[in-house]
Amino acid sequence: MGIVYINGEFVPTESAKVSVYDRGLLYGDGVFEGIRAYNGRVFKLDEHIDRLYESAHSILIKIPMSKEEFKETLAETIRRNGLRDAYIRPIVTRGVKGLGINPWDAMSPTVIIIADKITLYSSKMYEDGIAAVCASTMRNNPNACNPQIKSLNYLNSAMAKYEAYLAGADEAIFLNPQGYVVEAAVDNIFIYTKQGELVTPPTYLGALRGITRDTVIEIARAKGILVKEEPFTRHDLYNAVESFLTGTAAEVIPLVKVDGRVIGDGRPGKITREIMMAYRELTQNSGYPVY
Ligand code: PXG
């Protein structure tokens, strides 16, 4: 039985409950993060906490503790669960106050931290790569609900993912209304082109600024690979030499087929494998110590 942090208390999972009036439930009115710990260290904790606070700020939620307190509480949640490798899910909702959408002020946010075991993707997916389809569901328009905000409303991503399942694919790729490739359902996307450039869509198209994405850009540049943030189309994706997705849960996963088109030679590419290895090494050798 796990231990969950909720509103100042550490309680057994079965007692960790929110009100049916919680705005997170009623309206998806809240924010979250997905964080991993490797071997007793939380990977990129500062970056995740900064993004959590930025998401909250953007939707007018004031998280009722300092970043330092948040980090320490998160570490304590991991300790209480005795985990070394973990998937950590902080959630902050606007809180509880009646049924209307109106009063957003003077509310006290609900703060939850779950630390659980991580469900890993199969090793076969990393060895052979995965297949994706471009979803007919478009990425949320950044002027409506900005995908930079990791809000509790993940219907957009969930609908794209369901399309992938229905099509028998592993993943869904989002396009924006102009037809540019944006990202996957819950991962960022990269292509390696015939010109020898590693390209990822700019976040203004509607992609989350993934922390794994930023890390991969850093790793690639340190290896002397030319990295560009530039829009590209489905055609560019189909004709790329290599492609991969990045995310906290997936890490770096090769993408070898999209909409039935084989990418490159249909196997995880050389650049992809190099970056996968460098990323894994970094996760094992850095992070906020929990113990
Ligand atoms: N795009 C979207 C829309 C995401 O939600 C990423 C990219 C990758 O970002 P990071 O910072 O993780 O590199 C995400 C985040 C899951 C799960 O259960 C994954 C994410 C979010 C929520 C759940 O696999 N990925």
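Here the structure is shown first, and the text comes after it.
Residues numbered from 1 in each chain as written. Predicted model: local features only at pLDDT ≥ 70, side-chain atom pairs only at ≥ 80, totals over all residues. Heavy atoms only, no water.

(A) Highlighting the side chain of Thr212. Take Thr212: it is sitting in helix 6 (residues 211–222). Take Thr212: its relative accessible area is 4%, and that puts it in the buried class. Beyond its immediate stretch of four places on either side in the chain, Thr212 contacts Thr246, Gly247, Thr248, Glu251 and Tyr279. (Helix = DSSP H or I, 4+ residues; strand = E, 2+ residues; numbered from the N terminus. Buried < 20%, exposed > 50% of the residue type's maximum accessible area, 1.4 Å probe, protein only. Contact = heavy atoms within 4.5 Å.)

(B) Representation of helix 2 (residues 45–58) within the structure. An ideal rise of 1.5 Å per residue puts 20 Å on 14 residues; helix 2 measures up with 20 Å between its terminal C-alpha atoms. Listed in full, the buried residues belonging to helix 2 are Leu45, His48, Ile49, Arg51, Leu52, Tyr53, Ser55 and Ala56. One or two residues past the end of helix 2 sits Leu60, with phi positive at roughly 65 degrees. (Expected span 1.5 Å × (residues − 1).)

(C) Here's a closer look at the pairing of strand 8 (residues 130–134). Where burial is concerned, most of strand 8 is hidden: four out of the five residues are buried. Bridge count for strand 8 against strand 15 (residues 251–258) is three bridges, and the pairing is parallel. Residue pairing across strands places Ile130 opposite Leu255, the latter belonging to strand 15. By the bridge criterion, three bridges tie strand 8 to strand 9 (residues 171–175) in an arrangement that is parallel. Among the inter-strand pairings, Ala132 is bridged to a residue of strand 9, identified as Glu171. For the segment spanning strand 8, helix 5 (residues 155–166) and strand 9, crossover handedness is right-handed. (Pairing = 2+ DSSP bridges. Right-handed = clockwise from strand over helix to strand, strands pointing away.)

(D) Examining the nonpolar core more closely. Ranked by size, the top nonpolar core spans 38 residues in total, and within it Ile173, Ile189, Leu198, Leu237, Leu245, Leu255 and Ile275 carry the most contacts. In this structure, Tyr53, Ile61, Leu74 and Ile78 belong to the second largest nonpolar core, which totals 27 residues. (Core = buried A, V, L, I, M, F, W, Y, C linked by side-chain atoms within 4.5 Å.)

(E) Highlighting empty space enclosed by the protein. In this structure the tally under the stated criterion is two cavities of 30 Å³ or more. Here the largest cavity defines a volume of roughly 80 Å³. Forming the boundary of the largest cavity are Arg139, Asn140, Cys145, Asn146, Pro147, Ile149, Ser151, Asn153, Tyr154, Asn156 and Ser157. Computed from the structure, the second largest cavity encloses a volume of approximately 30 Å³. Element by element, the count of residues in the lining of the second largest cavity is highest for strand 15, at three residues. Here the lining of the second largest cavity is built from residues that sort into five nonpolar, three polar and two charged. (1 Å grid on protein atoms, 1.4 Å probe; cavity = no way out; pocket = protein on both sides within 12 Å on 5 of 7 lines; lining within 4 Å. Points joined across faces, edges and corners; volume = space filled by probe spheres on them. Nonpolar A, V, L, I, M, F, W, Y, C, P; charged D, E, K, R; others polar.)

(F) A nonpolar patch on the surface, seen in detail. Nonpolar side chains collect at one region of the surface, where Val20, Tyr21, Leu25, Val96 and Leu99 lie side by side and expose about 510 Å² of accessible area between them. Along the chain, the position of Leu99 falls in the loop between strand 6 (86–93) and strand 7 (110–116). Since its relative accessible area comes to 56%, Leu99 is described here as exposed. (Patch = residues over 30% accessible without salt bridge, like charges linked within 9 Å, V, L, I, M, F, W, Y side chains within 5 Å. Areas by Shrake-Rupley, 256 points an atom, 1.4 Å probe, with all protein chains shown as cover. Salt bridge = Lys/Arg side-chain N within 4 Å of Asp/Glu carboxyl O.)

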